[in-house]
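The chain contents come next:
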Amino acid sequence: MIMEVRNQNFEINEAEEKELKAISLVHKKAYGKSHFTSLFSSNLLSDYYRYFLTGESKILIYVESDEILGFIVFGKSISKKIKHFKKNNKLLIFFTALKNPLSSFKILLKKVIKFKISKNKFRESSFILLSVASMASNKKVGYKLMKAMINEAIYNKETNIGLYVNMNNFRALNLYKKLNFKIQNQISNQFYMELNIN
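Residues numbered from 1 in each chain as written. Predicted model: local features only at pLDDT ≥ 70, side-chain atom pairs only at ≥ 80, totals over all residues. Heavy atoms only, no water.

(A) Molecular detail of the overall build of the protein. Within the protein, the regular secondary structure consists of 7 helices and 8 strands. For the protein, buried positions account for 43% of its 198 residues. Element-wise, carbon and sulfur atoms account for 54% of the exposed surface of the protein, whose accessible area totals about 11900 Å². (Helix = DSSP H or I, 4+ residues; strand = E, 2+ residues; numbered from the N terminus. Buried < 20%, exposed > 50% of the residue type's maximum accessible area, 1.4 Å probe, protein only. Areas by Shrake-Rupley, 256 points an atom, 1.4 Å probe, with all protein chains shown as cover.)

(B) Local environment of the nonpolar core. In terms of nonpolar packing, the biggest core is built from 31 residues, with Ile-72, Met-146, Met-149, Ile-161, Tyr-176 and Phe-181 touching the most fellow members. At the level of secondary structure, the elements contributing two or more residues to this core comprise strand E3 (57-64), strand E4 (67-75), strand E5 (128-134), helix H6 (141-155), strand E6 (160-166), helix H7 (170-178) and strand E8 (190-196). Sorting elements by how many residues they give to this core places H6 first, with 7 residues. When neighbours within four sequence positions are excluded, Met-149 is seen to be in contact with Leu-60, Ile-72, Phe-74, Phe-127, Leu-129, Ile-161 and Phe-181. With 25 residues, the next largest nonpolar core counts Ala-15, Tyr-49, Phe-71 and Ile-128 among its residues. (Core = buried A, V, L, I, M, F, W, Y, C linked by side-chain atoms within 4.5 Å. Contact = heavy atoms within 4.5 Å.)

(C) Structural detail: the pattern of salt bridges. Going through the model one piece at a time under the given rule, you end up with 7 salt bridges. One salt bridge in this structure joins Glu-158 and Lys-76, with 3.4 Å as the shortest N-O distance. Linking Glu-158 in the loop between H6 and E6 with Lys-76 in the loop between E4 and helix H3 (78-88), this pair joins segments that are 82 residues apart in sequence. Residue Glu-158 is classed as buried on the basis of its relative accessible area, which comes to 14%. One network of salt bridges, with partners in common, ties together Glu-14, Lys-58 and Glu-152. (Salt bridge = Lys/Arg side-chain N within 4 Å of Asp/Glu carboxyl O.)

(D) Broad picture of helix H2 (residues 42-50). Among the residues making up H2, those that are buried are Leu-44, Leu-45, Ser-46, Tyr-48 and Tyr-49. Contacts from the buried residues of H2 go to helix H1 (20-31), E3, E4, H3, helix H4 (90-99) and E5.

(E) Just the side chain of Lys-58, in detail. Mapped onto the elements of the fold, Lys-58 is located in strand E3. On the accessibility criterion, Lys-58 (12% relative accessible area) is buried.

(F) Spotlight on the confidence of the model for the protein. On average, the protein scores 87 in pLDDT, and the residues at 70 or more come to 85%. For the protein, the element scoring lowest by mean pLDDT is helix H5 (residues 101-113), at 57; E4 scores highest, at 97. (pLDDT = per-residue confidence, 0-100.)

(G) Representation of the packing of aromatic side chains. Taken as a whole, this structure holds 13 aromatic pairs when the rule is applied. Pairing Phe-94 with Phe-95 gives two aromatic rings, centres 5.8 Å apart and planes at 55°, and the pair type is tilted. Taken together, the aromatic side chains of Phe-36, Phe-40, Tyr-48, Tyr-49, Tyr-51, Phe-52, Phe-71 and Phe-85 make up a single cluster linked through ring pairs. Positioned over the ring face of Tyr-143 is Lys-178, at 5.0 Å from the centre of the ring. (Phe/Tyr/Trp six-rings, centres within 6.5 Å; stacked < 30°, edge-to-face > 60°. Lys NZ or Arg CZ within 6 Å of the ring centre and 35° of its normal.)

(H) Seen up close, a nonpolar patch on the surface. The grouping of Leu-91, Phe-94, Phe-95 and Leu-98 at the surface amounts to a nonpolar patch, some 430 Å² of accessible area in total. As for its placement among the helices and strands, Phe-94 is situated in helix H4. Classification of Phe-94 by relative accessible area gives partly exposed; the value is 47%. (Patch = residues over 30% accessible without salt bridge, like charges linked within 9 Å, V, L, I, M, F, W, Y side chains within 5 Å.)

(I) Looking closely at the packing of H6 against H7. Contact geometry for H6 and H7: axes closest at 11 Å, N-to-C directions at 40°. As summarised for this structure, H6 and H7 are arranged oblique, according to the angle between their axes. As H6 packs across H7, the resulting crossing turns out to be right-handed. Here H6 contributes Gly-142, Tyr-143 and Met-146 to the contact with H7, which in turn contributes Leu-175, Tyr-176 and Lys-178. (Axes fitted to C-alpha atoms, helices over the stretch in contact; angles between N-to-C directions. Parallel < 35°, antiparallel > 145°, perpendicular 65-115°, else oblique. Left-handed = near helix turned anticlockwise from the far one by under 90°.)

(J) Geometry of unusual backbone geometry. Backbone geometry places Ser-65, a non-glycine residue, at a positive phi of 50°. Assignment of secondary structure puts Ser-65 in the loop between E3 and E4. A positive phi angle, close to 60°, is found at Ser-77, a residue other than glycine. For Ser-77, a relative accessible area of 29% corresponds to the partly exposed category.

Written out as structure tokens, the structure reads:
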């Protein structure tokens, strides 16, 4: 079921195919070049997000004055869909890295330097938040999208929501902690966090 949110100023509803280009634009503005997927062409990034429009995953968009200011991607089988995208787009991903050698090298170097295998065994939630992006932080877009996702998880009787976040992403960490997500583990330079739904 689509849990639509509406008030006088904004709407949160389920994304459609026609909105993928706008979603890719929000992604590029929100994440910048420190995120490898931001180096993708608009077409490749749109194709990436297309994988999450169907099945057990979903994209919700925050719309104000007919403009998409943010989005959130979540659901089940997230890692399988990412693997499927990578498998089907190996060449385009490779050429993206070739076209942006300096940025790609910096991102890879950071991952290698900070690589660390988790010492603790843990079970990842089947319901995962992949990403939340906003072009208007002053409007609490991320917070509103997170609340909409949590409401949807509650409606679907999920027991918990998991997510991964970079340790130095303090804005995101503060948002997740405000929503009662708890750090469960550390893998490489990321925290794995969960929200238990009662």
